[in-house]
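Residues per chain, in single letters:
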Amino acid sequence: MSEGADTRTDILPLTTNILSQQQRVAQATGDLTILLTSIAIAAKWISNVVRKADLLKVLGVDSGTNVHGEAQQKLDVLSNQTMINMLRRSAKTAIMVSEENEEAIFMDGENLGSYCVVLHPLEGSSNIDCGVSIGTIFGIYKLDNEDYPKVSDVLRPGTAMVAAGHLMYGSSTVLVLTIDGKGRYYFILYLGDWESGIGFTWVSQFHFPFGLAEAFWFLLISHDPKTPARHTPHQTSSFFASSCCAWRSSDVFLQRILSLLAGSKALLPSVSVAVSMKVST
């Protein structure tokens, strides 16, 4: 019998995968595991809101601008605030740098941790009404000196990251993750019976659904995926390429992923796996 989504017996959730890698590092404290789990939970919430953006009335431009002077979308603000809250509450982050904030965010008190997180909470949100994939990009550094976190802790090349990944929210939600550059792990978010069998209990001002972490599973699909030798090309008209928002978003998204991961050759092959698109004109 072939194994479908609901009949697989080799299930390996994201948290189990991270914990198994943690056990192979003698000096591991579990802090990175908690941090990555917090990012994954925030991503689950973002994925849910993206799928229902029009129903939840969160499409359109907000009143602010990001560090590049671009108008922020409502989804940008929601995604950014969700990431900030989850990272702060994890108590494992010292510094967070987001494209949506002009200044770095320094944690303090009981929320102070030993990692720096750089991220773009939601790339391409202005094009969500075009039906194209949008995503989250993140990288994690370890503080040089845990007693004195400083901006220079994040001004380092991609090779200094202890973990990095990107998510894409589209017909399915995909996470590609690497820890210490040792392999690439490709996960897909499995919704199970959430839509049909579990209702929402809204809590907090950000409408965070109770049980979200348990109801949505990131399941491992592939370890060390490789770009296929032959691609199925995605066709687009060169006449519309300069104005088509879907084309422009995909192109910019790829460029920023490559820019973020620059200098870490081990990470680059995972990019085209998640996007799985070759554009020909």
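Small disclaimer: the values here were computed from a predicted structure and weren't measured. Per chain, residues are indexed from 1 in the order of the written sequence. Only residues with pLDDT of 70 or above have their local features reported here, since the model is predicted, and side-chain atom pairs are shown and tallied only from 80 upward, although totals for entire chains, interfaces and linings are computed over all residues. Heavy atoms throughout the structure, all of them, feed into the side-chain values; hydrogens and water do not.

Focus on the overall build of the protein chain
Rule in force here: A helix here means a DSSP run of H or I that spans at least four residues, while a strand means a run of E at least two residues long, and both kinds are numbered starting from the N terminus. Throughout, exposure labels follow a simple rule: accessible area from a 1.4 Å probe, protein chains only, divided by the maximum for the residue type, with under 20% read as buried, over 50% as exposed, and the rest as partly exposed. Contact between two residues is taken to exist if any of their heavy atoms lie within 4.5 Å; hydrogens are not considered. To measure how exposed things are, a 1.4 Å probe is used in the Shrake-Rupley method; for residues, cover is taken only from the protein chains shown.
From N to C terminus, the protein chain includes 7 helices and 14 strands. Residues counted as buried form 43% of the 281 residues belonging to the protein chain. Partitioning the intrachain contacts of the protein chain with sequence separation of at least 6 by distance along the chain shows that 60% fall at a separation of at least 24. Surface accessibility of the protein chain: about 14,500 Å² in total, with carbon and sulfur atoms responsible for 54%.

Here we look at the nonpolar core
Our working rule: Side-chain atoms within 4.5 Å link the members of a nonpolar core, which is a set of buried Ala, Val, Leu, Ile, Met, Phe, Trp, Tyr and Cys residues.
In terms of nonpolar packing, the biggest core is built from 44 residues, with Leu36, Phe138 and Ile140 touching the most fellow members. Sorting elements by how many residues they give to this core places helix α2 (residues 31-51) first, with 12 residues. If sequence neighbours within four positions are ignored, Ile140 has contacts with Leu32, Leu35, Leu36, Ile39, Tyr115, Cys116, Val117, Met161, Val162 and Ala163. Grouped together as the second largest cluster of nonpolar side chains are 9 residues, Cys116, Val118, Tyr141 and Ala164 included.

Thoughts on the environment of Val61
As for its position among the elements, Val61 is in strand β1 (residues 61-65). Between the C-alpha atoms of Val61 and Lys74, which are 13 residues apart in sequence, the distance is 5.7 Å. Non-local contacts of Val61, meaning those with residues more than four positions away in its chain, are made with Ala71, Gln72, Gln73 and Lys74.

Re the packing of aromatic side chains
This is how it is decided: Only Phe, Tyr and Trp rings are paired, with Trp represented by its six-membered ring, and only when their centres lie within 6.5 Å; those with planes under 30 degrees apart are stacked, over 60 edge-to-face, the remainder tilted. Counting as a charge over the ring demands two things of the Lys NZ or Arg CZ atom: a distance within 6 Å of the ring centre and an angle within 35 degrees of the ring normal.
Overall, the coordinates contain 0 aromatic pairs when judged by the stated rule. Note that Lys142 overlies the ring of Tyr115, its terminal NZ or CZ placed 5.2 Å from the centroid.

Points about the confidence of the model for the protein chain
In plain terms, the rule: Per residue, pLDDT measures the predictor's confidence, with a range of 0 to 100.
Taken as a whole, the protein chain shows an average pLDDT of 75; of its residues, 69% reach a score of 70 or greater. Across residues 235-251, confidence stays below pLDDT 50; counting only partners more than four residues off in sequence or on other chains, it has 20 contacts. Counted against residues more than four places away or in other chains, residues 261-281, with its pLDDT under 50, gives 50 contacts.

Considerations on the pairing of strand β3 (residues 93-98)
Short version of the rule: By the convention used here, strands pair only if DSSP detects at least 2 bridges between them.
Of all 6 residues making up β3, 5 are buried, and the element is well covered by its neighbours. Alignment of β3 against strand β4 (residues 105-106), held across 2 bridges, turns out to be antiparallel. Each bridged residue has a counterpart across the sheet, and for Ile95 the counterpart in β4 is Phe106.

So, unusual backbone geometry
With phi around 60 degrees, Lys57 is a residue other than glycine that occupies positive phi space. Following the sequence through the fold, Lys57 ends up in the loop between α2 and β1.

Observations regarding the pattern of salt bridges
Put simply, the rule reads: Between Lys or Arg on one side and Asp or Glu on the other, a salt bridge is scored when a side-chain nitrogen of the former is within 4 Å of a carboxyl oxygen of the latter.
Summed over the entire model, instances satisfying the criterion amount to 4 salt bridges. The salt bridge partner of Asp31 is Lys92, with a shortest N-O separation of 3.1 Å. Linking Asp31 in helix α2 with Lys92 in the loop between α3 (74-90) and β3, this pair joins segments that are 61 residues apart in sequence. With a relative accessible area of 18%, Lys92 lands in the buried category. Asp153 serves as the salt-bridge partner of Lys150, at 3.9 Å between the closest nitrogen and oxygen.

Considering the environment of Glu100
Along the chain, Glu100 turns up in the loop between β3 and β4. Looking at Glu100, the relative accessible area reads 8%, which means it is buried. Counting along the chain gives 34 residues from Glu100 to Asn66, while the straight-line C-alpha distance between them is 4.6 Å. Every residue in contact with Glu100, bar those within four places of it in the chain, is listed here: Asn66, Gln72, Asp76, Asn80, His120 and Pro121.

Focus: the sheet that holds strand β7 (residues 163-169)
For the record, the criterion: As a rule, the C-alpha atoms of each element are fitted with a line to give its axis, helices using only the stretch in contact, and angles between N-to-C directions run from 0 to 180 degrees.
In spatial order, the strands read β4-β3-β5-β6-β7-β8-β9-β12; together these 8 strands make up an open sheet with mixed pairing. In this open sheet, the two strands that pair with only one neighbour each are β4 and β12 (217-223). Across 6 bridges, the pairing between β3 and strand β5 (residues 112-123) is parallel. Paired with Ser98 across the two strands is Leu119, which belongs to β5. Strands in contact with helix α1 (residues 14-22) are β8 (173-179), β9 (185-190) and β12; relative to β9, the strand with the most contacts, it is inclined by about 150 degrees.

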